[in-house]
Structures are given as structure tokens and as C-alpha cells.
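Coordinate analysis (summary)
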Amino acid sequence: AGKGKERKALSLERTKGSEILFGVAPCGLALARARRALFRLFLKERRSGGAARAELGLQAAARGVPVLHVPGRALDTLCRGRPHQGVCLEAAPLPFRSLRDAEEPRPGDGESGSGRRLWLALEHIQDPMNLGALLRSAYFLGVDRVVATHSNSCPLTPIVSKASSGAMEVFDVYSTDDLQGFLKAKSAEGWEVVGTVSRPEDVEDVPVISCSEFRWDKPLIVVIGSEGEGLSLETQLQCQRMLAIPPGRALHPGIDSLNVSVAAGILLHSICSQKRRHGD
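Read on for an overview of the structure. Keep in mind the model is a prediction, meaning the values are calculated, not measured. (Residues numbered from 1 in each chain as written. Predicted model: local features only at pLDDT ≥ 70, side-chain atom pairs only at ≥ 80, totals over all residues. Heavy atoms only, no water.)

Side note on the overall build of the chain
For the chain, the helix and strand inventory stands at nine helices and 12 strands. Contacts in the chain between residues far apart in sequence, at least 24 positions, make up 86% of those at least 6 positions apart. When the accessible surface of the chain is summed, it comes to about 14300 Å², and 52% of that surface belongs to carbon and sulfur atoms. (Helix = DSSP H or I, 4+ residues; strand = E, 2+ residues; numbered from the N terminus. Contact = heavy atoms within 4.5 Å. Areas by Shrake-Rupley, 256 points an atom, 1.4 Å probe, with all protein chains shown as cover.)

Next comes the structure, spelled out in C-alpha cells:
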């Protein structure tokens, strides 16, 4: 028995530099897309609720990824107690893509000559749950590209993948070390750059309008700021306009703003609904 335990402990040793994805959607999409190196799939031993897990096992086997059936507590240890749904996948980290590659249109992007291109830029988003939720909304609503600041931002971790419900595994995320330079260059190319603000009184030198008044008629970049500070002044000054979400009531101090991912979802939906109305 002692030797059996020792063998099981050894089998759970991690590949150097690997990370553990957890949850059915992130693991399934990571297997399907294979955009990163995949090392081992861990499935919970019990049979109950095992149809989805069995399908993942077949996917892994088809890609030559070893499949290990382990007790639930072993999965708990692998993903540090997070909600794994009986599935963990050991894989190489998924890096940000180079911004140089973002200019290359690919099949299925939805970009066209109609001027209805939409990119989302993220400045210093640090909470992995927020980053995951932002990616999930951007993917769902039809954003063409997401560009994040590389420094002082959350990397693309397994928590981000889980919070995105696996959208991170299928949706490229680009990074830049010079957000202001990037926005300035896109403005010079004819793109409109709009920032977002929760308190219009905090903005100087840039017009602020309600998101319901905004009209989308040229390639557009929507810039979202960090959870605590919002957009930096330097980034605000690269924006032609700032968008605000009007509240539905008089607000108490301290609860007078929205979570960054919720606000982004509302703003993106307000913008993207114009595409649907015009039939583009």
C-alpha cells in the first residue's frame, strides 16, 4: 500500500513550468484548440456525471495526451481547492500575443470593409476574475481584438480561463508596452478611440457622453481602465470622447460605480447592438 501511494504521488508531479487548468469548459476548449502544449488530463475517478469527462478523455487520447483517473481530493490539491468539476489539465502557460500579429485579419474575425471593426483595450486590469469576465463578454458580443497592457496587468492564468468560461482558450489576447503610442497610431489611421469613465466630473479636456448617445460609424477602440484608478490621465488624453453609463437612481457615495467587467459588458452591448440594427 505504501508503494502504491508513493507511485500515485510521483504520478502527480508537475512538468516544469506547467500550470493546471480546471473546469470542463477551459479544459475542453484547451484540448480542442491545442494552442498550447498539453501534458496530462486528470479526471475524477467516480462515474457519476461522467459523460462530459468521458468525452474529454476521448479528446485527450485523440491528441496523444495521457489521461489519469484520480480521486477528487487529488484534483482539489492540483487546482488548490478551486471548482474543477472533476477535470484538471496540465498545460504550458498561454502567453499574450504580439501586437504586431493583431493587424493580420483571420477567417472568422468578422472584420470587413464596412468600418465596423471593434477592438477592446485594457489598461492595468489586475483581477483575474475581472479579466476573465471581460474576455467572455468581448468574445460573446463580437469584439474583434483585445489588447492589454503588458506591465502591471494580470497574466493569462488558469483562473482567468475559468472566469472566461474558456473564452481565453479560443480568443487571442494581445499585449503592448506602449498603450498610449498604440492608441495614437490607431487614431492617425482613422480609428476612433473612446475611453470609459464612471464619474464624468473626474474628466477634463475630453468630452463625455452617455453610451446611449454614441454612434459607431468608423473603426473603434474602446479603452477600459483599471479596477481602482480607471484610465490614466495619459490614456484619457488619447481618447476623442469618453463614454459614461447613466445610473438609474441617485446613488449613495461608495456605491456610485459599477464593477469594471459589468460596465464593459453594458458599454459593449450598447455599441454592438448598433451593428445588429444596421444589419452589418
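Some words on the side chain of Ser164
Along the chain, the position of Ser164 falls in the loop between helix H6 (158–163) and strand S8 (173–176). One polar contact links the side chain of Ser164 to the main-chain amide nitrogen of Met168, over a distance of 3.0 Å. Residues within four places of Ser164 in sequence aside, it is in contact with Gly132, Leu135 and Arg136. (Polar contact = N/O pair within 3.5 Å; in protein donor to acceptor, adjacent residues only side chain to side chain.)

Focus: the nonpolar core
Counting 36 residues, the largest nonpolar core has Leu118, Leu120, Leu122 and Val146 as the members making the most contacts within it. Mapped onto this core, the elements with two or more residues apiece are strand S6 (118–122), helix H5 (128–141), strand S7 (145–149), strand S11 (220–224) and helix H9 (260–278). When residues of this core are assigned to their parent elements, the largest contribution, six residues, is made by H9. If we ignore the near neighbours within four places in the chain, the residues touching Leu120 are Ala138, Val143, Arg145, Val146, Val147, Val222, Ile224 and Leu268. Listed in part, the 20 residues of the second largest apolar core include Trp119, Val197, Leu231 and Met242. (Core = buried A, V, L, I, M, F, W, Y, C linked by side-chain atoms within 4.5 Å. Buried < 20%, exposed > 50% of the residue type's maximum accessible area, 1.4 Å probe, protein only.)

Considering the pairing of strand S3 (residues 67–70)
Residue alternation in S3 divides its side chains into a buried set, Leu68 and Val70, and an unburied set, Val67 and His69. By the bridge criterion, four bridges tie strand S2 (residues 38–44) to S3 in an arrangement that is parallel. Residue pairing in the sheet places Phe42 in a bridge with Leu68 of S3. (Pairing = 2+ DSSP bridges.)

Side note on the pattern of salt bridges
Evaluation of the coordinates by the stated rule reveals eight salt bridges. Salt-bridge contacts for Arg36 lead to Glu19; the nearest nitrogen and oxygen are separated by 2.8 Å. Here Arg36, found in the loop between helix H2 (24–33) and S2, pairs with Glu19, found in strand S1 (residues 19–22); they are 17 residues apart in sequence, far enough to count as distant. Accessibility expressed as a relative area gives 12% for Glu19, which makes it buried. The closest approach of N and O atoms between Lys186 and Glu189, which form a salt bridge, is 3.2 Å. Judged by relative accessible area, which is 2%, Lys186 ranks as buried. Among the charged side chains, a salt-bridge network with shared partners connects Arg35, Arg97, Asp101 and Asp172. (Salt bridge = Lys/Arg side-chain N within 4 Å of Asp/Glu carboxyl O.)

Overview of the packing of aromatic side chains
Any pair of aromatic rings gets described here by the distance separating the centres and the angle formed by the planes. Under the criterion given, the structure shown has three aromatic pairs. When the ring of Trp119 is compared with that of Phe182, the centres are 6.0 Å apart and the planes differ by 10°; the resulting orientation is stacked. Here the residue Trp119 occupies a position in strand S6, and Phe182 occupies one in helix H7 (residues 179–188), the gap between them amounting to 63 residues. Take Trp119: its relative accessible area is 3%, and that puts it in the buried class. Phe182 sits in the buried class, given a relative accessible area of 8%. Taken together, a centroid distance of 5.7 Å and an interplanar angle of 65° make the contact between Tyr139 and Phe171 edge-to-face. Residue Tyr139 is found in helix H5, and its partner Phe171 is found in the loop between H6 and S8; the two are separated by 32 residues along the sequence. What links up through ring pairs into an aromatic cluster is the set Trp119, Phe182 and Trp191. The cationic tip of Arg116 hangs over the ring face of Trp216; the distance from NZ or CZ to the ring centre is 5.3 Å. (Phe/Tyr/Trp six-rings, centres within 6.5 Å; stacked < 30°, edge-to-face > 60°. Lys NZ or Arg CZ within 6 Å of the ring centre and 35° of its normal.)

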